[in-house]
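Each chain is listed here by its residues.
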Amino acid sequence: MKDDITFDIAIIGGGLAGLALSIQCSRAGFKTILFEKETYPFHRVCGEYISLESRDFLESLGLQLTDMHLPVISRLLVTAPNGNRIEQRLDLGGIGISRYLIDYELYKLAKANGVHIQEGIKVDDIHYENNSFAIHSAIGAINVSVAAGCFGKRSNIDVKWKRKFVSAKNKGLNNYIGVKYHIKTEWPDDLIALHNFKDGYCGISKVEDGKCCLCYLTTAQNLKENGNSIAALETNVLEANPHLKNILSNGEKLFQEPVTIAQISFATKKQVENNLLMIGDAGGMITPLCGNGMSMALHGSKLAFQAIEKFLHNKINRHEMETQYSREWKTQFSKRLAMGRIIQQLFGKRWVTNLFIKIVKPFPGFIKFLVRQTHGKPF
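So, here's what we can say about the structure. (Residues numbered from 1 in each chain as written. Predicted model: local features only at pLDDT ≥ 70, side-chain atom pairs only at ≥ 80, totals over all residues. Heavy atoms only, no water.)

### Digging into the pattern of salt bridges
Using the following cut-off: Salt bridge, as applied in this entry: a Lys or Arg side-chain nitrogen positioned within 4 Å of an Asp or Glu carboxyl oxygen. Only DSSP runs of H or I reaching four residues or more are called helices, and only runs of E reaching two or more are called strands; each is numbered from the N terminus. Buried, partly exposed and exposed residues are distinguished by accessible area as a fraction of the type maximum, computed with a 1.4 Å probe on protein chains only: under 20%, between the cut-offs, and over 50%, respectively.
Per the counting criterion, the structure on display carries 19 salt bridges. The partner of Arg44 in a salt bridge is Asp103, with the nearest N and O atoms 2.7 Å apart. In this pair, Arg44 sits in the loop between β2 (32-36) and β3 (49-51) while Asp103 sits in helix α3 (residues 99-112), placing the two residues 59 residues apart along the sequence. Each of the two residues, Arg44 as well as Asp103, counts as buried. Its salt-bridge partner being Arg163, residue Glu273 comes within 3.3 Å of it at the nearest N-O pair. Taken together, the positions of Glu273 in strand β17 (residues 272-273) and Arg163 in the loop between α4 (156-160) and α5 (164-167) put the pair 110 residues apart, joining distant regions of the chain. Judged by its relative accessible area of 14%, Glu273 falls in the buried class. Given the relative accessible area of 2%, Arg163 is considered buried.

### Focus on helix α12 (residues 364-373)
Selection rule: Along the arc lie the directions from the helix axis toward the C-beta atoms.
Those residues of α12 that fall on the buried side of the exposure criterion are Ile367, Leu370 and Val371. All buried residues of α12 fall inside an arc of 100° around its axis, so they share one side.

### Side note on the environment of Phe7
Mapped onto the secondary structure, Phe7 falls in the segment before β1 (9-12). Sequence separation of Phe7 and Ser145 is 138 residues, and the distance between their C-alpha atoms is 7.7 Å.

### Quick look at the sheet that holds strand β10 (residues 146-149)
In a beta sheet, neighbouring strands pair by backbone hydrogen bonds and run either parallel or antiparallel. Filter applied, for reference: Criterion used throughout: strands pair if DSSP finds at least two bridges between them.
Taken together, six strands build an open sheet; the order of strands is β6-β2-β1-β10-β18-β17 and the sheet is mixed. One side of each edge strand has no neighbouring strand; the edge strands of this open sheet are β6 (116-119) and β17. Note: β2 against β6, four bridges, orientation parallel. What sits directly across from Phe35, in β6, is Gln118.

### Focus on the packing of aromatic side chains
Rules: Two rings from Phe, Tyr or Trp (for Trp, the six-membered ring) form a pair when their centres sit within 6.5 Å of each other. Planes less than 30 degrees apart are called stacked, planes more than 60 degrees apart edge-to-face, and all others tilted. Ring-over charges, as used throughout, are those where CZ of Arg or NZ of Lys falls within 6 Å of the ring centre and within 35 degrees of the ring normal.
In the structure shown here, the tally under the stated rule is seven aromatic pairs. Plain terms: the ring middles of Phe57 and Phe379 are 5.3 Å apart, the flat faces sit at 40° to each other, and that makes the pair tilted. Taken together, the positions of Phe57 in helix α2 (residues 55-61) and Phe379 in the segment after α12 put the pair 322 residues apart, joining distant regions of the chain. Each member of the pair, Phe57 as well as Phe379, is classed as buried. An aromatic cluster of at least three residues, connected via ring pairs, comprises Tyr40, Phe42, Tyr104 and Tyr107. Its end group placed over the ring of Phe165, Lys269 keeps NZ or CZ at 4.3 Å from the ring centre.

### As for the sheet that holds strand β8 (residues 132-137)
Counted only if it meets this: Between N-to-C directions, angles span 0 to 180 degrees; the directions come from axes that are lines fitted to C-alpha atoms, helices contributing only their stretch in contact.
The three strands lie next to each other as β7-β8-β9, forming an open sheet whose pairing is antiparallel. Taken across any chain shown, the strands that pair with only one partner, and hence form the sheet edges, are β7 (123-129) and β9 (140-144). Neighbour-to-neighbour, the strand axes of this sheet turn through a mean angle of 20°, independent of strand direction. Bridge count for β7 against β8 is six bridges, and the pairing is antiparallel. In the sheet register, Glu129 faces β8, and the bridge partner there is Ser132.

### Digging into a nonpolar patch on the surface
We count it as follows: Only residues above 30% relative accessible area that lack a salt bridge enter a patch, with like-charged residues linked at up to 9 Å and the nonpolar side chains Val, Leu, Ile, Met, Phe, Trp and Tyr linked at up to 5 Å. All accessibility values rest on the Shrake-Rupley procedure with a 1.4 Å probe; residue burial counts only the protein chains present in the view.
Among the surface-exposed residues, Trp351, Leu355 and Ile359 lie close enough to one another that they form a single nonpolar patch of about 360 Å² accessible area. The topology assignment puts Trp351 in helix α11 (residues 350-360).

### Here we look at the nonpolar core
The condition is simple: Here, nonpolar core means buried Ala, Val, Leu, Ile, Met, Phe, Trp, Tyr and Cys residues that are tied together by side-chain atoms lying within 4.5 Å of each other. Residue contacts follow a heavy-atom distance rule, with two residues in contact if any of their heavy atoms lie within 4.5 Å.
Of all hydrophobic cores here, the largest spans 55 residues; its most connected members are Leu21, Ile102, Leu106, Ile279, Ile308 and Tyr325. Mapped by element, the contributors of at least two residues to this core are β1, α1 (16-27), α2, α3, β10, α9 (293-312) and α10 (318-346). Per element, the largest residue contribution to this core is 11 residues, and it comes from α9. Not counting residues within four places of it along the chain, the set of residues in contact with Ile279 comprises Ala17, Leu21, Ala148, Gly149, Cys150, Ala297, Gly300, Ser301, Ala304 and Tyr325. Within the second largest apolar cluster, 21 residues are counted, among which are Tyr181, Ile183, Phe197 and Ile247.

### Re α9
Put simply, the rule is: Every helix has an expected span of 1.5 Å times one less than the residues it contains.
Its 20 residues give α9 an end-to-end C-alpha distance of 28 Å, which sits within 8% of 28 Å, the value for a rise of 1.5 Å per residue. Asn314 occupies a position one or two residues after α9 and carries a positive phi of about 60°.

### Points about the packing of α1 against α9
What counts, and what does not: In a left-handed crossing the near helix is turned counterclockwise from the far helix by less than a right angle, and in a right-handed crossing that turn is clockwise. Residue type decides the class: Asp, Glu, Lys and Arg count as charged, Ala, Val, Leu, Ile, Met, Phe, Trp, Tyr, Cys and Pro as nonpolar, and the leftover types, Gly among them, as polar.
Their axes nearest at 8 Å, the elements α1 and α9 cross at an angle of 35°. Judged by the twist between their axes, the crossing of α1 over α9 is right-handed. For the pair formed by α1 and α9, the contact residues are Leu16, Ala17, Ala20, Leu21, Gln24 and Cys25 on the first element and Met294, Ala297, Leu298, Ser301, Lys302, Ala304, Phe305 and Ile308 on the second. Here the contact of α1 with α9 is composed, by residue class, of 11 nonpolar, two polar and one charged.

This is the structure:
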């Protein structure tokens, strides 16, 4: 990189939050650099359902969703490990789109809008001193006025900085693993399902090109008890749910190996660490069964940009920028995250989930209420 290139903002992590933030910043005239340790396009562990609360914002970034002919999802099916089921219409609904596709499309939009993207580059450390940041990576140190952490569920920076959720004991909302496939199977375009099993749950819904995303979450202990074998885990545990047995037995897996991630934590996180704005999963992760992590990442980028823009135009100071972002983030998401953690306790344990589904089945209004608590309004 040329020594004379300077930047106003550095974004660490090129997922939905990072890419969306980079587009907004570059369009506003700020010199923007984004670091992504992978090379586009690539797959990520994700449920690949976006609530329609994000539609207007995505289209404002330049993503032509209507032209992409994506499945529109309007029904939710939840099954217990014993096969008992309930179904509920989704008031707002969502769309199905793979991270492989949407991240790549946003990446192309970011490049077209002048974002300087460093692919295949992992940030080793970030230092804040004298009102600026030094971003350390294989390309050397880059000095910027503002830095944003959009590095997902768990990164080397989280570990290096010893963030509280990293050092928490492996219990409760910590130490989950995620597994994702794309599969070919008969599945309605408008349906998303959450199939529960012992110590976990699996989501399935349509994405582009007639494929389905099948993504499940379970405890690391569950995998360990099955010899650390994903195949054994699926046979012995997931397929105990008859609905999952049918899907896994008859579906055609389109990946040679699943995409996986370990050491997932749903514990609370700070939205500002060492003066770094934390956005998306880096700032707080909603349980996947609530189906809103993608929308929250996108919305979070908008909240961050609104504060960053004021700061870079000298309308507020750094402390005010950090305070505004934290305040708005908590206003929008803290109740949703809290409800997600409560709902998490009702699923994943066989007897609890079996009993819960049996009790609430005659009361569809209650399920509708729970769904509303984990979804936001269009932004």
